[in-house]
Amino acid sequence: WIPCNDDIAKLGGSDSFEEALAYMTRLTAGEVPQPRIEAYLRNGVEMVRHLAKRFGVHFRSVPLYPDYYPDLPGGKPGWRSMEPVEFDARQLGDEFDRQRPASKGTQLMGRVSMNQVEAHVLFSKGPGWIWLFLKMMLRYWTDFSWRRRSTRDRRQTLGQALTGSLRHALQQRNVPLWLETGLESLIEEQGRVVGVAITREGRKQRLRARQAVVLACGGFESNQQMREQYLPKPTNKAWTGAPPINHGEGILAGQALGAKLGFMNLTWGSPTVHLPGAAAQTTLFVERCMPGCLIVNKRGRRFVNEAAAYPDVLTAMYEDEAKGNGSVPSWIVFDATFRYKYPMGIFMPGQIQPDSQLPKDWLDKVYYRADTLDALAAKIGVDAVGLADSVAKLNRYAEAGVDPDFGKGATLIDRYYSDPFHKPNPCLGPVRKAPFYAVRLDAGEIGTKGGLVTDEHARVLREDGSVIGGLYATGNCSAAVMGRTYAGAGSTLGPAMTFGYIAARDIAAASRRAEIRAAA
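These figures come from a predicted structure and were not determined experimentally.

Trainee: Please give an account of the overall build of the chain that cites residues and values.
Mentor: What the chain contains, in helices and strands, is 15 helices and 20 strands. Taken over the C-alpha trace, the chain has a radius of gyration of 24 Å; the compact-globule value for 520 residues is 24 Å, and the two agree within 12%. Dimensions of the chain, computed from C-alpha atoms along their principal axes, come out at roughly 80 × 55 × 50 Å. For the chain, the residues scored as buried account for 56% of the 520 residues in total. For the chain, long-range pairs separated by at least 24 residues make up 69% of all intrachain contacts whose partners lie at least 6 apart in sequence. Accessible area of the chain: about 23100 Å², with a carbon and sulfur share of 54%. Here the chain contributes 65 positive and 54 negative side-chain charges, whose respective centroids are spaced 4 Å apart.

Printed below as a string of structure tokens:
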């Protein structure tokens, strides 16, 4: 999420630092220091330019993806979110085999890569979506030489394109990448961090830093003890949509030196669903916005706008849970029409992947199906009267095209993923046709949001506000510059990369100053 990026004017949009600052200031509500916000907004576009010019790592604006709250002062209906330009995996050579495969939920049929714009067209059935689908499948299956090497797609998009292009930049400069290397602790001398203690491939080592240490080692999604200590209850590491590798080592190492922590009770939250055999759960970004579904609690009642930005859905789950309504987990309920037309996280639309092609042992374990709503309610353990009443209300709202309870389909972000051919509200449709389906929604996340408090230079701060010399942090091991909210798509990666860039520049400037002093 990069306000004022260079693509905006080219695409016919407009943006300004003042608008972006007003938007961020409103969203963070005084909980994030103004200098940090300004540092992010001023340096984000510079970071993107730097990566393109020096390393050939390119991004492009997604013009139709709105900010998550575009109606707030300074919000925009598009342009600020950027995605990596496609990357050819052949450039990685043997390193390709060490790259973590893409999440199957981000690929057609679990194999074919799609960028954000393509995903939008396909999932919302935009103009030309059938031709696009056929074209993408044909490209994948006719890539004969690569198919002999791997079932993974050579055309990398999204996170694969980013990690692939960054790794390629390191290869071109002969920079080694150490895998199977875990942080044990930070080495401190006279109040300054001078290195790290690590375990590499089972052997302990101590590495001395010539200038500084930058922590960019993720949050604590897979540390159940930390989840229990900091996050709302109930919480379970099995619910996360993030790779199961983040245990909070960077946060704990900084905390051991007296670092201040912030926003530890928050996540980049999203409902997730369980896909058997997957390393992490699947995050529902798209499906909730389509017409013909509703999310209910144990009482069978709706409690949220299903199409809202995913962190807002998770917040609503915990707020409703606190009222005793049994919303963690929740259930997303839909009918045969929805099943045929739209995806649902763990499977493609029925017209592409019918029930007969799903594993037989998934039925009534991974997804639930029944010929009546009462029977479905019994299977998933929700109140049948409440569910029937919620569905009846939804059906009336769908006919009118207005959701007076939660406003589904009323905003740009609601409608970004929706069915433009469904009228009068592209997000609001009836649930009428048997059989009826349900999938359990867990209170997951794409990452935790809390961590080490840093200043506008990405330097880690102590409880008293002083700087821990030689220590920087960025990404999900640092307290989020977004505070409690989520400005738009890319609000994790934008700040992570920008404050990494800021840290590198600050370290380089400090090194130059030291050289000048030494020479004098």
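Trainee: Describe a nonpolar patch on the surface, with residues and values.
Mentor: Among the surface-exposed residues, Leu-170, Val-175, Leu-177 and Leu-179 lie close enough to one another that they form a single nonpolar patch of about 260 Å² accessible area. Residue position: Val-175 is located in the loop between α7 (158-172) and β7 (181-189).

Trainee: Describe helix α13 (residues 384-400), with residues and values.
Mentor: Its 17 residues place the ends of α13 25 Å apart at the C-alpha level, agreeing with the 24 Å of an ideal helix rising 1.5 Å per residue. Every buried residue of α13 is accounted for by Gly-386, Leu-387, Ser-390, Val-391, Leu-394, Asn-395, Tyr-397 and Ala-398. Along α13, the residues classed as buried sweep out an arc of 170 degrees about the axis, all on the same side. Of the exposed residues in α13, the ones pointing more than 90 degrees away from its buried face are Val-385, Arg-396, Glu-399 and Ala-400.

Trainee: Give me the lowdown on the side chain of Ser-390, citing residues and values where you can.
Mentor: Structurally, Ser-390 is set in helix α13. With residues up to four places along the chain from it excluded, the contact list for Ser-390 reads Leu-294, Gly-300, Arg-301 and Arg-302.

Trainee: So what about helix α10 (residues 310-322)? Which residues, and what values?
Mentor: In a regular helix each residue adds 1.5 Å, so 13 residues correspond to 18 Å; α10 covers 19 Å between its end C-alpha atoms and thus fits that length. Among the residues of α10, those classed as buried are Tyr-310, Pro-311, Val-313, Leu-314, Ala-316, Met-317, Tyr-318 and Asp-320. Buried residues along α10 sit against β12 (267-273), β14 (293-296), β15 (330-334) and β17 (436-448). Where α10 ends, the next residue or the one after it, Gly-324, has phi of about 85 degrees, a positive value.

Trainee: Outline the environment of Glu-38, listing residues and values.
Mentor: Following the sequence through the fold, Glu-38 ends up in helix α3 (residues 34-55). Since its relative accessible area comes to 26%, Glu-38 is described here as partly exposed. Taking the C-alpha atoms as reference points, Glu-38 and Leu-179, separated by 141 residues in sequence, lie 34 Å from one another. Apart from residues lying up to four places away in sequence, Glu-38 is in contact with Phe-17 and Leu-21.

Trainee: Describe the packing of aromatic side chains, listing the residues and the values that go with them.
Mentor: Two measures describe an aromatic ring pair: the distance that separates the ring centres and the angle between the ring planes. Taken as a whole and assessed by the stated rule, the structure comprises 20 aromatic pairs. Ring centres of Tyr-65 and Tyr-417 lie 6.4 Å apart, and the angle between their planes is 85 degrees; on these two criteria the pair is classed as edge-to-face. With Tyr-65 in the loop between β1 (59-61) and β2 (82-84) and Tyr-417 in the loop between α14 (412-416) and β17, this residue pair connects regions lying 352 residues apart in the sequence. Look at Tyr-310 and Tyr-486: their rings are 5.3 Å apart centre to centre, the planes differ by 80 degrees, and that puts the pair in the edge-to-face class. In this pair, Tyr-310 is assigned in helix α10 and Tyr-486 in the loop between β20 (467-473) and α15 (493-519), connecting sequence segments 176 residues apart. Grouping residues by exposure puts Tyr-310 and Tyr-486 together as buried. One aromatic cluster is present, formed by Phe-334, Phe-338, Tyr-342, Phe-347, Tyr-367 and Tyr-437 through successive ring pairs. Stacked on the ring of Trp-129, the Lys or Arg Lys-125 has its end atom at 4.3 Å from the ring centre.

Trainee: So what's going on with the nonpolar core? Residues and values would help.
Mentor: By size, the foremost hydrophobic cluster in this structure holds 98 residues, and its most contacted members are Tyr-40, Leu-41 and Ile-346. If you tally residues by element for this core, the top one is α3, at 8 residues. Core analysis: the second largest hydrophobic core is formed by 22 residues, Leu-183, Ile-251, Ile-468 and Leu-471 among them.

Trainee: Give a description of the pairing of β20 that names residues and reports values.
Mentor: Along β20, 6 of the 7 residues are buried, which leaves the element largely enclosed by surrounding structure. Looking at chain direction, strand β10 (residues 213-215) and β20 are connected through 3 bridges and run parallel. From the neighbouring strand, Val-213 faces β20, where its bridge partner is Leu-471. Pairing of strand β19 (residues 459-461) with β20, which is carried by 2 bridges, proceeds in the antiparallel orientation. Across the sheet, the residue bridging to Leu-461 is Val-467, located in β20.

Reading guide: rules and limits
- Residues numbered from 1 in each chain as written.
- Predicted model: local features only at pLDDT ≥ 70, side-chain atom pairs only at ≥ 80, totals over all residues.
- Heavy atoms only, no water.
- Helix = DSSP H or I, 4+ residues; strand = E, 2+ residues; numbered from the N terminus.
- Rg over C-alpha atoms; globule rule 2.2 N^0.38 Å.
- Buried < 20%, exposed > 50% of the residue type's maximum accessible area, 1.4 Å probe, protein only.
- Contact = heavy atoms within 4.5 Å.
- Areas by Shrake-Rupley, 256 points an atom, 1.4 Å probe, with all protein chains shown as cover.
- Lys, Arg positive; Asp, Glu negative; His and termini not counted.
- Charge placed at Lys NZ, Arg CZ, Asp CG, Glu CD.
- Patch = residues over 30% accessible without salt bridge, like charges linked within 9 Å, V, L, I, M, F, W, Y side chains within 5 Å.
- Salt bridge = Lys/Arg side-chain N within 4 Å of Asp/Glu carboxyl O.
- Expected span 1.5 Å × (residues − 1).
- Arc of directions from axis to C-beta.
- Phe/Tyr/Trp six-rings, centres within 6.5 Å; stacked < 30°, edge-to-face > 60°.
- Lys NZ or Arg CZ within 6 Å of the ring centre and 35° of its normal.
- Core = buried A, V, L, I, M, F, W, Y, C linked by side-chain atoms within 4.5 Å.
- Pairing = 2+ DSSP bridges.

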